[in-house]
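Listed below, chain by chain, are the residues.
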Amino acid sequence: MNEGLIRPCTVVVGHYGSGKTNFAVNLALSVKRRHPEAPARIADLDTVNPYFRTADAAELLRAGGVEPLLPEFANSNVDIPMVPSALRAAIRAPGFTAVDVGGDDGAVALGMFRSELTAAGAAVLFVVNRFRPLIATPEGARDCMEEIAEASGLKPTALVNNSNLGAETGAEDVLSSLEYARECSALCGLPLLCHCYMPAVLPDLPRVFREAGLDEGELFPMEQATRQLF
Amino acid sequence: MSEKVLMKGNEAIAEAAISAGCLYFFGYPITPQTEVAEYMARRLPKVGGLCLQAESEVAAINMLMGASSAGTRAMTSSSSPGISLKSEGISYIAGCDLPCLIVNVQRGGPGLGGIQPSQQDYYQATRGVGHGDLRLIVLAPSSVQEMASLTAEAFDLADTYRMPAMLLADGALGQMMEPVDFSVFPKRELPEKTWATNGTKGKRKKNIVNSLFIEPDKLEQSILARYERYAKVEAEEVRFEEVMTEDADIVLVAFGITARIAKSAIAEARKAGVKAGLLRPITLWPFPKKRLNELADTAKAFLSVEMSMGQMVDDVRLAVNGKRPVSFFGRTGGMIPSVEEVTAEIMKIGESL
């Protein structure tokens, strides 16, 4: 993982269903593990999807020392699309802040914080998954990135390769996504942050990487943070 | 596409419909099915189709009737309250003998209810959607792969029997993501749509699509002709899956997302020494009543598991026809039953045998 691309305030955007929430939760937990002395928090700015959201991972986050900043009425009977009130202050707060944004043009909610995020030098990570049909090509990924930039007024600063087929992901699926990730990186003009994988699904992937002469340091291990309905 | 892709159930419905040649979508947003319309809005214009967000569900279903009258493959989708609004139009479509696909990604009801998954629209889908003597072919997917394959199948069934088909999914299947392979769908030989109002070009008599018959004998004739087709559907199109039913003392009956929970529960029960099996109806109408009746000769008890207060259980009782006791377990209002509570229910029945 190219840690230089992470900033004290790091925003996660991407195509609907590309795994943004899962990545953002795991990123916040990993930063906290590496810097246990500094406060870490994650803000849920997803005003689009009421089924899978940061609030579902609240327990996991708190157990890992990360404070979840959730919409005040998340998962309650008065749940409405809203932005957590603590987010504006969190952008400049000491320590680390991850911001989990809604998919595609759901990034429009990010626009209201554009000047603060720009002033804070926030990183904007663009998550891609080559197994998602609408971003399965580098061109599709670029179109999606441009739509997000248009909606939010913020240009992504780095690329996250989260290519996976859920529990059916094989090592060859991740390996076959590396070329896609490089092409996305070139076409979008974004440096690559990491390739994500789930050790619970692919425990041997670092060894496979080593044996293929690849840099296992580019891998980012994640646990399942979003809700499994069944 | 020859390799698997990762999709939400709602997206899989939309992509499968486009692959099946559906170029016309009429809808209105409602959670948890809105991704069907969103996906159609992105994709259909690129393949020469049309996605139209209507001013209401009532408008959308009537647009669907028009598109289907013209002989095109067309569909609408909604979630429970929206299907209630569409039900008048669905009755007209059935009365006009029009093939089309109606998708219901169910949420909790009644009323505005909630946005979490439910199976509370079983009665509506299999008995009560719209007025008059009518049936829909009702298909119940249990995975994202089936959201795709049964969408394609529903269009073919609708065209074959010239009647509307419904895909009865739920919010969990609509929202969850699983790998899908689009390269595996079989194709059927389909009848030509000689009845379509697509222009005579001066070469034939004009076609009329209509559900109004003022003379009762004519209306009765049209219904009897329709019921002959329904009888053929019941004879030839029943689909179901069986899991470990051969030696089962207790047969669970569950469809959709609930069948996945039931599968895990029967495995747990078997570990504890209770022989349980599962019959998963894939077609809810026609219902696999013949097979259930046969199973009642070997099994000792039946358990219907649903995300409702008990609706399909009526069909299970009719099928078993008093041969064996039929009980029910369900959660409702958007709650998903856990494997543990279903297993406990099986164990309770096991003790009573």
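Values in this document were obtained by computation on a predicted structure and should not be read as measured data.

Colleague: Looking at this structure, I do not really get the overall build of chain B. What am I missing?
Modeller: On a plain count of helices and strands, chain B comes out with twelve helices and 14 strands. Taken against the 2.2 N^0.38 rule, which gives 20 Å for 353 residues, the C-alpha radius of gyration of chain B at 20 Å falls within 12% of a compact globule. With respect to the three principal axes, the spread of C-alpha positions in chain B is 70 × 50 × 40 Å. Within the span of chain B, comprising 353 residues, buried residues form 56% of the whole. For chain B, the computed accessible surface area is about 14,100 Å², with 54% contributed by carbon and sulfur atoms. Mean positive and mean negative side-chain charge positions of chain B (39 and 42 charges, respectively) differ by 4 Å.

Colleague: How do you make sense of the confidence of the model for chain A when you look at a structure like this?
Modeller: Close reading of the predicted structure is inappropriate where its pLDDT is low. Taken as a whole, chain A shows an average pLDDT of 91; of its residues, 93% reach a score of 70 or greater. No element of chain A has a lower mean pLDDT than helix α3 (residues 87-91) of chain A, which averages 90, and none a higher one than strand β6 (residues 158-161) of chain A, which averages 98.

Colleague: Would you take a moment to explain the pairing of strand β14 (residues 326-330) of chain B for this structure?
Modeller: For a regular strand, side chains alternate in direction, first toward one face of the sheet and then toward the other. All names here are of chain B. Two elements, strand β13 (residues 301-306) and β14, share five bridges in a ladder whose sense is parallel. Counterpart to S304 in the pairing with β14 is F328. Following the backbone out of β13, through helix α11 (residues 312-320) and into the adjacent parallel β14, one traces a crossover that is right-handed.

Colleague: Honestly, the packing of helix α1 (residues 9-19) of chain B against helix α2 (residues 34-43) of chain B in this entry has me stumped. Any pointers?
Modeller: Helix packing geometry: the angle between the two helix axes and the distance between the axes. Residue and element names in this part refer to chain B. Close contact between α1 and α2 brings their axes to 7 Å; oriented N to C, the two are set at 40 degrees. The orientation of α1 relative to α2 falls into the category oblique. The handedness of the crossing between α1 and α2 comes out as right-handed. Every residue of α2 that contacts α1 at N10, E11, I13, A14, E15, A17 and I18 is listed here: T34, E35, V36, Y39, M40 and R43. Along the lines of polarity and charge, the residues of the contact of α1 with α2 split into seven nonpolar, two polar and four charged.

Rules behind the numbers
- For every chain, the first residue of its written sequence is number 1, and the numbers climb from 1 along that sequence.
- Just so you know, chain letters begin at A and ligand numbers begin at 1, following the order they were written in.
- The predicted origin of the model limits local features to residues at a pLDDT of at least 70 and limits the giving and counting of side-chain atom pairs to 80 or more, whereas totals for whole chains, interfaces and linings rest on all residues.
- For side-chain calculations, the full set of non-hydrogen atoms in the structure is used, while hydrogens and water are omitted.
- In this text, helices come from DSSP runs of H or I with a minimum length of four residues, and strands from runs of E with a minimum of two, each type numbered from the N-terminal end.
- Put simply, the radius of gyration uses C-alpha atoms, and a globule should come to 2.2 Å times the residue count raised to 0.38.
- Exposure is judged per residue with a 1.4 Å probe applied to protein chains only, and the accessible area is read against the type maximum: over 50% gives exposed, under 20% gives buried, and values in between give partly exposed.
- Only the protein chains shown count as cover for residues, and the accessible areas themselves come from Shrake-Rupley with a 1.4 Å probe.
- The convention is simple: Lys and Arg are positive, Asp and Glu are negative, and His and the chain ends are not counted.
- For charged residues, the charge sits on one atom: NZ in Lys, CZ in Arg, CG in Asp, CD in Glu.
- Per-residue confidence from the predictor is reported as pLDDT, a score between 0 and 100.
- Two strands are said to pair when DSSP picks up at least two bridges between them.
- With the strands pointing away from the viewer, any crossover whose connection runs clockwise from the first strand over the helix to the second is right-handed.
- Interaxial angles span 0 to 180 degrees and are taken between N-to-C directions of axes, which are lines fitted to C-alpha atoms, for helices over the stretch in contact.
- When describing relative orientation, an angle under 35 degrees is termed roughly parallel and one over 145 degrees roughly antiparallel, while 65 to 115 degrees is termed roughly perpendicular and anything else oblique.
- Crossing handedness is defined as follows: a turn of the near helix away from the far one that is anticlockwise and smaller than a right angle gives a left-handed crossing, while the clockwise case is right-handed.
- Here, residues are in contact when the closest pair of their heavy atoms is within 4.5 Å.
- Amino acid classes used here: Ala, Val, Leu, Ile, Met, Phe, Trp, Tyr, Cys and Pro are nonpolar; Asp, Glu, Lys and Arg are charged; the rest, including Gly, are polar.

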